[in-house]
Amino acid sequence: MRDVVPDDLLEARIREAARLAAGGRARFVGFLDAHGARLAAETARRGRFSNCLLWGGYADAERVMFGAFPAFLRPAGEKFPVAALTAVYRPQERLTHRDFLGALLAAGIERAALGDILAGTGRCVFFCRREIAGFLCSEVTKIGGAGVRISAGAEPPYPERRFAPFSGVIASARLDCAVAAAVGTSREKAAKMIRARLVELNHEPAQAPDAGVAEGDVLSVRGQGRFAIDRLGPRTKKGRLGVAGRKYMG
């Protein structure tokens, strides 16, 4: 689900970063989730501030920082205060994104200081604000009860995100139907989750159970995880709709 930062506060931070950057020094906000990144870009566009960049440490990052740069400085990823770290551990431990995130938050690290976490077999590459990298390397020695060794830097290729497939047959391409198929519950319970603001559609809060969904959409369900819809169709003989997708596992 979305980072808990009110939109108006984030917009104010983006405007302030752009204003201060005009004074001659680059300014940074984040890490931001997908909703925050989109809001940052829109705020910069509305303010006609174009000398900026979103960067999370590598080309396909989901969590990114917003960087505002003075007019004489070209925006570039290497100018961001982002550090890549590598954690190694026994392959049989099978640590996940959730294990790492929980342990890092328990160590007192704010969510906004953490970027993507790419957990693989025996190795996890993750990104953080540069100023906390030394602390994480020296002080964090256990993740999910398993011993880890964290060091600065990361060599590509990075671990790929893991997914678990889901599929089903739904009445129509409605949000409540898609949520029910993704999390394995009834359409009625899915509708209640949507009305309770526990569901996001493409990183935006959803309130209407009858909202339409399409291939490529991303669902976030609080307490259940994040899901991508890969396929809608074909229709069955009874007119119902096949659906298939993936749950993000870290």
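Here the structure is a predicted model, which is why all the values come from computation and not from measurement. (Residues numbered from 1 in each chain as written. Predicted model: local features only at pLDDT ≥ 70, side-chain atom pairs only at ≥ 80, totals over all residues. Heavy atoms only, no water.)

**Things to note about the side chain of Asp217**
Turning to step 1, where the next piece is worked out: Mapped onto the fold, Asp217 is located in the loop between strand E12 (204-205) and strand E13 (218-221).
Turning to step 2, where the next piece is worked out: Apart from the residues within four sequence positions on either side, Asp217 is in contact with Leu201, Asn202, Gly212, Phe227, Ala228 and Ile229. (Helix = DSSP H or I, 4+ residues; strand = E, 2+ residues; numbered from the N terminus. Contact = heavy atoms within 4.5 Å.)

**Details of the sheet that holds strand E10 (residues 163-170)**
Turning to step 1, where the next piece is worked out: The sheet built from six strands is open, its strands ordered E10-E15-E14-E13-E11-E12 with antiparallel pairing. Single-partner strands in this sheet number two, and they are E10 and E12.
Turning to step 2, where the next piece is worked out: Bridge count between E13 and strand E14 (residues 225-235): four bridges; the pairing is antiparallel. Paired with Ser220 across the strands is Arg226, a residue of E14. (Pairing = 2+ DSSP bridges.)

**Some remarks on the pattern of salt bridges**
Turning to step 1, where the next piece is worked out: Here the structure, examined in full by the defined rule, presents 12 salt bridges.
Turning to step 2, where the next piece is worked out: Across the pair Glu62 and Arg161 runs a salt bridge whose closest N-O atoms are separated by 3.7 Å. Of this pair, Glu62 sits in the loop between strand E2 (52-55) and strand E3 (64-68) while Arg161 sits in the loop between strand E9 (149-152) and E10; the two residues are 99 residues apart in sequence, bridging distant segments of the chain.
Turning to step 3, where the next piece is worked out: For Arg161, a relative accessible area of 25% corresponds to the partly exposed category.
Turning to step 4, where the next piece is worked out: The shortest N-O distance in the salt bridge between Arg161 and Asp116 comes to 2.7 Å. With Arg161 in the loop between E9 and E10 and Asp116 in strand E5 (residues 114-119), this residue pair connects regions lying 45 residues apart in the sequence.
Turning to step 5, where the next piece is worked out: A cluster of three or more residues bridged by salt bridges with shared partners is formed by Glu62, Asp116, Arg161 and Arg226. (Salt bridge = Lys/Arg side-chain N within 4 Å of Asp/Glu carboxyl O. Buried < 20%, exposed > 50% of the residue type's maximum accessible area, 1.4 Å probe, protein only.)

**Details of the sheet that holds E2**
Turning to step 1, where the next piece is worked out: What the three strands build is an open sheet, ordered E1-E3-E2; its pairing is antiparallel. Looking at which strands have only one partner, the edges of the open sheet turn out to be strand E1 (27-32) and E2. For this sheet the average axis-to-axis angle between neighbouring strands, irrespective of direction, equals 15°.
Turning to step 2, where the next piece is worked out: Pairing analysis gives four bridges linking E1 to E3, with the strands arranged antiparallel. Pairing of Phe28 across the sheet is with Gly67, part of E3.
Turning to step 3, where the next piece is worked out: Packing of helix H1 (residues 7-21) onto the sheet brings it into contact with E1 and E3, and relative to E1 it is tilted by some 150°.
Turning to step 4, where the next piece is worked out: Sitting on the sheet, helix H2 (residues 34-46) touches E1, E2 and E3, and the angle it makes with E1 is about 145°. (Axes fitted to C-alpha atoms, helices over the stretch in contact; angles between N-to-C directions.)

**Quick word on H1**
Turning to step 1, where the next piece is worked out: Relative to the 21 Å expected for 15 residues at 1.5 Å per residue, H1 spans 21 Å between its end C-alpha atoms, a close match to the ideal helical length.
Turning to step 2, where the next piece is worked out: All of the buried residues along H1 are Leu10, Glu11, Ile14, Ala17, Ala18 and Ala21. Viewed along the axis of H1, the buried residues span an arc of 120°, placing them on a single side of the element. In H1, the exposed positions angled more than 90 degrees off the buried face are occupied by Asp8 and Arg19.
Turning to step 3, where the next piece is worked out: Contacts from the buried residues of H1 go to E1, H2 and E3. (Expected span 1.5 Å × (residues − 1). Arc of directions from axis to C-beta.)

**Quick word on the packing of H1 against H2**
Turning to step 1, where the next piece is worked out: It is at 9 Å that the axes of H1 and H2 come closest, and there the two elements cross at 50°. The pairing of H1 with H2 is recorded here as oblique in orientation. In terms of crossing hand, the pair formed by H1 and H2 is right-handed. Residue-level inspection shows Asp7, Leu10, Glu11, Ile14 and Arg15 of H1 in contact with H2, the latter providing His35, Gly36, Leu39, Ala40, Thr43, Ala44 and Arg46.
Turning to step 2, where the next piece is worked out: Its residues assigned to classes, the contact of H1 with H2 comprises five nonpolar, three polar and four charged. (Parallel < 35°, antiparallel > 145°, perpendicular 65-115°, else oblique. Left-handed = near helix turned anticlockwise from the far one by under 90°. Nonpolar A, V, L, I, M, F, W, Y, C, P; charged D, E, K, R; others polar.)

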